[in-house]
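# Overview (structure and organization)
Chain by chain, the residues run as shown.
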Amino acid sequence: MDPNNRGPEEYGHDDDGGSPRQRPPRDSLTTDFGQHSPTLARTVQLVAGDFLLTVNPVDGSEIEACPPGERPGRPERYSAAERAEVDRAARPPVPPGPTRTALSLLARQDERERLVRLLARGRSVRLTGPAGSGRTSLLDLVAEDCADLAPDGVVRLTGFNRTASELLYDLFYAVFNSPLHRPDRDELLSCVREVGAVVVLDDIEFGGAALDELLDATPECAFVIGATPDVPAPSADSAVEEIFLSGLERADGLELLERSVGRVLTEEESNWAGDLWFESEGLPLRFVQAGALLRQRDRLRAGANAVDEFGVFADAAPVDAPFTPDEGEEIPLPALGEAAAPAPLLASRLSESARATLRFAVALGGEVPHQAHLPALVGDTHADAALGELADCGLVSPVGARYRLAAGVLTQLEAAGYGDDIETRALTAAQHYGWWAGHPSVTPERVCAEADALLAALAVLVPATTPPAEGEEAATVQLARTAAPAFAAGGHWGAWERSLRAGSEASRLAGEVSEQAYFHHELGILALCGGQLDRARAELEASIGLRGALADKRGTVAGRRALALVSDRDGSASGLVGLGAMAGEEMPDARYDESASPPGGVPAAFPPLQPPADSQTIVVHRSPSRPAPSRKARGGLKGLAKRNLVAAGAGALLVAVLGTVVTLGATSDNDPNSPSNEVGVNPSASVGIDDGNLGADVPKNDDNPGDTGTATSRPTDPGPDGTYGTSDDPTPTDVAEPSDRPSGTQRPGSGTPSSPKPTTPKPSTTKPSTPSTPTGSGTSTPTTPTPTVPSETPSSTPTTEPTTSDSASGPASTTPVETSSSASAPQSSTVSSPSNSAQVI
């Protein structure tokens, strides 16, 4: 189809002359008001040192070790044409509106020539002068004179709200074409060391050691530094020349005032200007503002219609003008106090849009929004022209690539009531910037250019943040959430850090846990890129904890990946995956286990009577406390080999100890008469505290007490009355002699063996008898029967004389003995003396 000559098909007719083609239906208008598809998140991938950083504004940035194929090469310098474009972008934009009259610099020619000579010799110079002394205008002229002195030309930087490290990165990006690449510290120093340029650095805020660091990192650069007297001076050995700017002479001030007004001053105005010169100490800014006052006075005297019959300046006259210009009244000169602090009077004679812009500037701490934002903020489509009015009156001055309120203007406007609605104006600016920074059409570089205004809005609103209503979002959190990723992608990491900290505090005050977790995650990523591993670990662990409480799986995974990278960097991660400790876990101290000795100790002739343990005890010997090894020594193959050696040694020691124990246990049972085999599991008898008995149960029938150490066998015949234990029971004829085997815990047998052949008597039960005094026969009357078990071996030939056993269990019984599992003391047939009882005990 020809775009110039439309064919017949465009009129609804086909080429073949057939029926007209049906017009396609229009798109439905309801789609414009329906639910739109969600906008894709703007992610940016850049290389930061050894890391590959993916800025993700949804779940948080992701970081990983940069693959070799993704690493950029050596950055290349800009060409001459590209350097001119970079220099033009570093200057403030020209305000819209009528063309302003450029005022030439007066009485600064000597300083200008001296600065150029020093820079041509490669010397760095600091130009010190008070605010409003014309320091910035003089630096602009010097930059033009030094355009061809250095191979990399002239680089314009601003030191306002900048550190030495940030200035080094600004210098790097001004000379090298390296998009989406942020070099690490070593690479940065290597690159800027080769830069040869004249660096014009205005509004610096540091000196001393920080300035020495900046100068030492750029030995091939010559700096001309603009600073106020309150900034710390360079160190004594920095070899920086210093030039001071003073105020203008009275004649120079009058000449500047005439150039500003565009006519010759009257005698009254000259006297008024002389008083102003004395009051302002000859600062050029005061004469520029005084010239604006005189121009406004001339405009008021002549009338708005006489100045411009087309009505271009119809809104220049304020609504609350105290007089009518058309009446031809004589307008007096401003008072000396108003001339010394002219901001309120100048603002009262500006347009409404200009005054609204001043209110926004006061709310943002002196930052003037870019002229492209003024129509949206003020609500006037022609509000961008307000910047030209303010610049023409000397109420704003350039700072880097933007404008700020001139020196002293902020204080004067606050005293005039322009700061009464600071929070309201700052909230409006935050809402606008929050929407604008998140728009897909806005590039990160544009957001970085407006960083100071965004950060100023956050600084005002964050302390006053409160939990939002249901279904709403806090404006401060939204602004920090949308601006922070843009700062990261645009390379302005100083603003990135400040916005993240402001957003973290705002989300905490607003009670938005998910946003707080996001800001902690980003702060951890930023610290990791900067090599601050401890801070990165703390921030990432806080983020993981908050996201774990919210069940945010994707965010938790991103945080754990970054935390694993931190562990790998500080050496706490294992060298081989799956063989060492997990990332973030501490290695436990080595310990050695060995089996315990036998329950009764090593077998001895007379071991102490003590109950054996029911189960074996594991004795743990821990290595003595010593300084913990460093984390770096734990990771890698070296740490793994050490752990293997320790484990092998511990295993060998354990096998040796177990073998020793088994050998001792196997050889300790060779002696069948070992006293250790006679120890039972129940406690032995002991004398009671109250009644002096041995702890045995007292029989129910204690009418016939027995002796204290003998025991008789159970009668086999109950006698005529059929009852055991009465006087008519027959007495056993044979008394057994104590066995030459240790009796242990043997009890009387149920019968007397007649031959050495073993017998198995019937089991019967007997009760222990009450101790009684010994008798002449050495026997006692049997009492309640005691339980017995079948005898295993017959006793030796009995004797008539009782003997005292020297075994650990007391004297042997007078009847064939049986091995019993009871732990009670055996009953002896005789006791030679009461001392034997103590021996038994």
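What counts and what doesn't
- Residues numbered from 1 in each chain as written.
- Predicted model: local features only at pLDDT ≥ 70, side-chain atom pairs only at ≥ 80, totals over all residues.
- Heavy atoms only, no water.
- Helix = DSSP H or I, 4+ residues; strand = E, 2+ residues; numbered from the N terminus.
- Buried < 20%, exposed > 50% of the residue type's maximum accessible area, 1.4 Å probe, protein only.
- Phe/Tyr/Trp six-rings, centres within 6.5 Å; stacked < 30°, edge-to-face > 60°.
- Lys NZ or Arg CZ within 6 Å of the ring centre and 35° of its normal.
- Contact = heavy atoms within 4.5 Å.
- Polar contact = N/O pair within 3.5 Å; in protein donor to acceptor, adjacent residues only side chain to side chain.
- Core = buried A, V, L, I, M, F, W, Y, C linked by side-chain atoms within 4.5 Å.
- Pairing = 2+ DSSP bridges.
- Salt bridge = Lys/Arg side-chain N within 4 Å of Asp/Glu carboxyl O.
- Axes fitted to C-alpha atoms, helices over the stretch in contact; angles between N-to-C directions.
- pLDDT = per-residue confidence, 0-100.

In terms of backbone geometry, most residues other than glycine have negative phi values and most peptide bonds are trans. For Ala239, which is not a glycine, the phi torsion comes out positive at approximately 60°. If you trace the backbone, Ala239 turns up in the loop between β10 (222-227) and β11 (241-244). Accessibility expressed as a relative area gives 52% for Ala239, which makes it exposed.

All right, on to the packing of aromatic side chains then. Here the structure, examined in full by the defined rule, presents five aromatic pairs. Measuring from ring centre to ring centre gives 5.4 Å for Tyr518 and Phe519, while their planes differ by 70°; the resulting arrangement is edge-to-face. With relative accessibility at 0%, the residue Phe519 sits in the buried group. Residue placement shows Arg425 over the ring face of Phe360; its charged tip is 5.0 Å from the ring centre. Sitting over the face of the ring of Tyr518, Arg481 holds its NZ or CZ atom 3.6 Å from the ring centroid.

You can see Ser133 is positioned in the loop between β5 (125-128) and α4 (135-145). A sequence separation of 112 residues divides Ser133 from Leu245, and the C-alpha atoms of the two residues are 6.9 Å apart. Excluding its chain neighbours within four sequence positions, the residues that come into contact with Ser133 are Arg108, Leu245, Leu283 and Pro284. At 2.7 Å, the side chain of Ser133 forms a polar contact with the backbone oxygen of Pro130.

In this structure, Leu53, Ile63, Val447, Phe487, Trp493, Trp496 and Leu528 are the most contacted members of the largest nonpolar core, which totals 59 residues. In contact with Ile63, other than residues within four places in its own chain, are Phe51, Leu52, Leu53, Ile525, Leu528, Cys529, Ala562 and Leu565.

Counting buried residues along strand β2 (residues 51-55), five of its five residues qualify, which places the element largely inside the surrounding structure. Burial along β2 is two-sided: Phe51, Leu53 and Val55 and Leu52 and Thr54, pointing in opposite directions, are all buried. By the bridge criterion, five bridges tie strand β1 (residues 44-48) to β2 in an arrangement that is antiparallel. Residue pairing for β2: Gln45 is matched across the bridge by Thr54.

With that settled, the discussion passes to the pattern of salt bridges. All told, the structure shown has 32 salt bridges when counted by the stated rule. The salt bridge partner of Arg295 is Asp392, with a shortest N-O separation of 3.4 Å. Note that Arg295 is positioned in helix α10 (residues 284-302) and Asp392 in helix α16 (residues 386-392), a separation of 97 residues in sequence. The partner of Asp421 in a salt bridge is Arg425, and the shortest N-O contact between them spans 3.0 Å. Residue Arg425 is classed as partly exposed on the basis of its relative accessible area, which comes to 21%.

All right, on to the sheet that holds strand β9 (residues 198-202) then. As summarised here, the arrangement of the five strands in space is β6-β9-β10-β5-β11, forming an open sheet in which the pairing is parallel. Each having just a single partner strand, β6 (154-158) and β11 make up the two edges of the open sheet. On average, adjacent strands in this sheet sit at an angle of 15° to one another, irrespective of strand direction. α4 rests against β5, β6, β9 and β10 of the sheet, and its axis sits at about 170° to β9.

When you line up the elements, Leu211 lands in helix α7 (residues 209-217). Distance in space between the C-alpha atoms of Leu211 and Thr163 is 9.5 Å, their sequence separation being 48 residues. Discounting chain neighbours no more than four positions away, the residues touching Leu211 are Ile204, Phe206, Ile225 and Pro234.

Turning our eyes to something else, we now look at the confidence of the model for the protein chain. Close inspection of predicted coordinates is inappropriate in any region flagged by low pLDDT. Of all residues in the protein chain, 62% have pLDDT values of 70 or greater, and the mean over the chain is 74. Low pLDDT (under 50) marks residues 304-310, which in the prediction has five contacts with non-local residues, meaning those over four places away or in another chain. Ignoring residues within four places in sequence, the model shows residues 733-841, a span with pLDDT below 50, making 194 contacts including any to other chains.

Attention now moves to the sheet that holds strand β8 (residues 181-182). Strands in a sheet are paired, the pairing made by backbone hydrogen bonds, and the direction either parallel or antiparallel. Pairing in this open sheet of four strands is mixed, and the strands run β3-β2-β1-β8 from one edge to the other. Looking at strand neighbours, the two that pair on one side only are β3 (62-65) and β8, the edges of this open sheet.

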